[in-house]
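Overview (structure and organization)
Okay, here's what each chain looks like letter by letter:
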Amino acid sequence: MGMMTGFIRQGLWALADVLFPPTCAGCGSLGAALCPACRAALDWVPPDRALVDLSAPDGLDDFRAALWFGGPAQKALHRLKYRHDVGLAETLAGLVARRLARPELDRHATLIVPVPLSAERLAERGYNQAALLARGLADRWSFRFAPRALSRVRATRSQVGLSRADRLANVEAAFWADRRIVHGRAILLLDDTCTTGATLHDCARALKVAGAGAVHGLAIAQAPLRQATAPVGA
Ligand SMILES: [Zn+2]
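Since this is a predicted model, take the numbers as computed values, not measurements. (Residues numbered from 1 in each chain as written. Predicted model: local features only at pLDDT ≥ 70, side-chain atom pairs only at ≥ 80, totals over all residues.)

Let's talk about the overall build of the chain
- When its secondary structure is counted, the chain shows 9 helices and 7 strands.
- Within the chain, the fraction of its 234 residues that count as buried is 43%. (Helix = DSSP H or I, 4+ residues; strand = E, 2+ residues; numbered from the N terminus. Buried ≥ 20, exposed ≤ 12 C-beta atoms within 10 Å, placed from the backbone.)

Written out as structure tokens, the structure is:
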């Protein structure tokens, strides 16, 4: 995805916000997709905070989450995911790209890959929220966006209400990576939300089976593990 395309996309979203003022995803006030007060209330995760178990063989090499799942971040992600408010992906990607240091990865050798939806869910929703967020970050951090690197080969049940063991079993062998795209590449793997990290680990394993190098996990929001069995995203 060229830089110019990214600038044009960002410009069009900015223009749309002027022509059709949005309401704030956090508090409903008119004028911005996320108002200054709600931006200030975002709960950023301190860097280098260990949030998922990185000891799984052939799993993630490292992991970073931008925000704690809660407050305006939770409301914005919910609206992006379930209310078709796709412009929020640009808003969130912009905030995250400004707040987090650009990952120190070779921009020529690294692909940014979103966690895919199943074909059924993609058809139902019309878009993959993780892909929209990944594209926004790829534009801003100058990484190649690779939306077709990973696919879901088996529809998983909703993770809501499952125990950690059931969540792990639920995503077993659910992903397939395209060797022609990922072989020899480092991967920045993006999901909108993370709970135990099981989904990201399973994606990382599929990427490595297909010859990818290091896989760096990034989630826009992290659900605190003590809440991992609560209905996240509901
Ligand atoms: Zn607000």
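Details of the packing of helix 3 (residues 71-82) against helix 4 (residues 87-99)
- One can describe the packing of helix 3 onto helix 4 by two numbers: an axis separation of 9 Å at closest approach and a directional angle of 145°. In this structure, helix 3 meets helix 4 at a crossing whose hand is left-handed. In this structure, helix 3 uses Ala76, Arg79 and Leu80 to contact helix 4, whose residues at the interface are Leu88, Ala89 and Leu92. (Axes fitted to C-alpha atoms, helices over the stretch in contact; angles between N-to-C directions. Left-handed = near helix turned anticlockwise from the far one by under 90°. Contact = placed C-beta atoms within 7 Å.)

Considerations on helix 6 (residues 129-141)
- Along its 13 residues, helix 6 runs 18 Å from first to last C-alpha, staying within 8% of the 18 Å computed at 1.5 Å per residue.
- Of all 13 residues that make up helix 6, 11 are buried, and the element is covered over most of its length.
- At the C-terminal side of helix 6, Ser142 shows a positive phi close to 60°. (Expected span 1.5 Å × (residues − 1).)

Topic: the environment of Asp178
- Residue placement: Asp178 occurs in the loop between strand 5 (175-177) and helix 8 (179-182).
- In this structure Asp178 comes out as partly exposed when scored by C-beta crowding, with 15 C-beta atoms within 10 Å.
- In this structure, the C-alpha to C-alpha distance between Asp178 and Gly211, residues 33 residues apart in sequence, is 9.2 Å.
- Not counting residues up to four positions away in its chain, the partners in contact with Asp178 are Arg148, Ala149 and Ala210.

Examining the nonpolar core
- One finds Ile112, Val113, Leu133, Ala134, Leu189, Leu190 and Leu207 to be the most contacted residues of the largest nonpolar core, which totals 62 residues.
- Of all the elements, helix 6 adds the most residues to this core, at 7 residues. (Core = buried A, V, L, I, M, F, W, Y, C linked by C-beta atoms within 7 Å.)

Considering unusual backbone geometry
- A positive phi is found at Asp58, a non-glycine position, where the angle reads about 60°.
- Relative to the helices and strands, Asp58 resides in the loop between helix 2 (36-40) and strand 1 (62-68).
- The exposure class assigned to Asp58 is partly exposed, which follows from the 13 C-beta atoms found within 10 Å.

So, the pairing of strand 7 (residues 215-222)
- Within strand 7, 8 of the 8 residues are buried, which leaves the element mostly enclosed by the surrounding structure.
- Of the pairings in the sheet, the one linking strand 1 to strand 7 comprises 6 bridges and is parallel in character. Note that in strand 7 the partner of Trp68 across the bridge is Gln222.
- Two strands pair when backbone bridges link them, and strand 6 (residues 186-194) and strand 7 are joined in this way by 7 bridges, in the parallel orientation. Paired with Leu189 across the two strands is Gly217, which belongs to strand 7.
- The β-α-β motif built from strand 6, the intervening helix 9 (residues 198-209) and the parallel element strand 7 has right-handed crossover chirality. (Pairing = 2+ DSSP bridges. Right-handed = clockwise from strand over helix to strand, strands pointing away.)

Points about the packing of helix 4 against helix 6
- The interhelical angle for the contact between helix 4 and helix 6, taken along N-to-C directions, is 45°, at an axis separation of 8 Å. With respect to helix 6, the axis of helix 4 lies oblique. Relative to helix 6, helix 4 is oriented so that their crossing is right-handed. In this structure, helix 4 uses Ala89, Glu90, Leu92, Ala93, Gly94, Val96 and Ala97 to contact helix 6, whose residues at the interface are Gln129, Leu132, Leu133, Gly136, Leu137, Arg140 and Trp141.
- Considered class by class, the residues forming the contact of helix 4 with helix 6 number 9 nonpolar, 3 polar and 2 charged. (Parallel < 35°, antiparallel > 145°, perpendicular 65-115°, else oblique. Nonpolar A, V, L, I, M, F, W, Y, C, P; charged D, E, K, R; others polar.)

What to know about the sheet that holds strand 2 (residues 110-114)
- Ordered by their spatial adjacency, 5 strands build an open sheet running 1-7-6-2-3, and the pairing between neighbours is parallel. Edge positions in the open sheet fall to strand 1 and strand 3 (144-145), since each of these has one partner strand only.
- With respect to the sheet, helix 3 is in contact with strand 1, strand 6 and strand 7, its orientation differing from that of strand 7 by roughly 105°.
- On top of the sheet, helix 9 reaches strand 6 and strand 7; it is set at about 160° to strand 6, its chief contact.

Overview of helix 9
- Spanning 12 residues, helix 9 covers 17 Å between terminal C-alpha atoms, matching the ideal 16 Å at 1.5 Å per step.
- Buried residues of helix 9: Ala198, Thr199, Leu200, His201, Asp202, Cys203, Ala204, Arg205, Ala206, Leu207 and Lys208, and no others.
- Just downstream of helix 9, Gly211 is the residue with a positive phi angle, here 95°.

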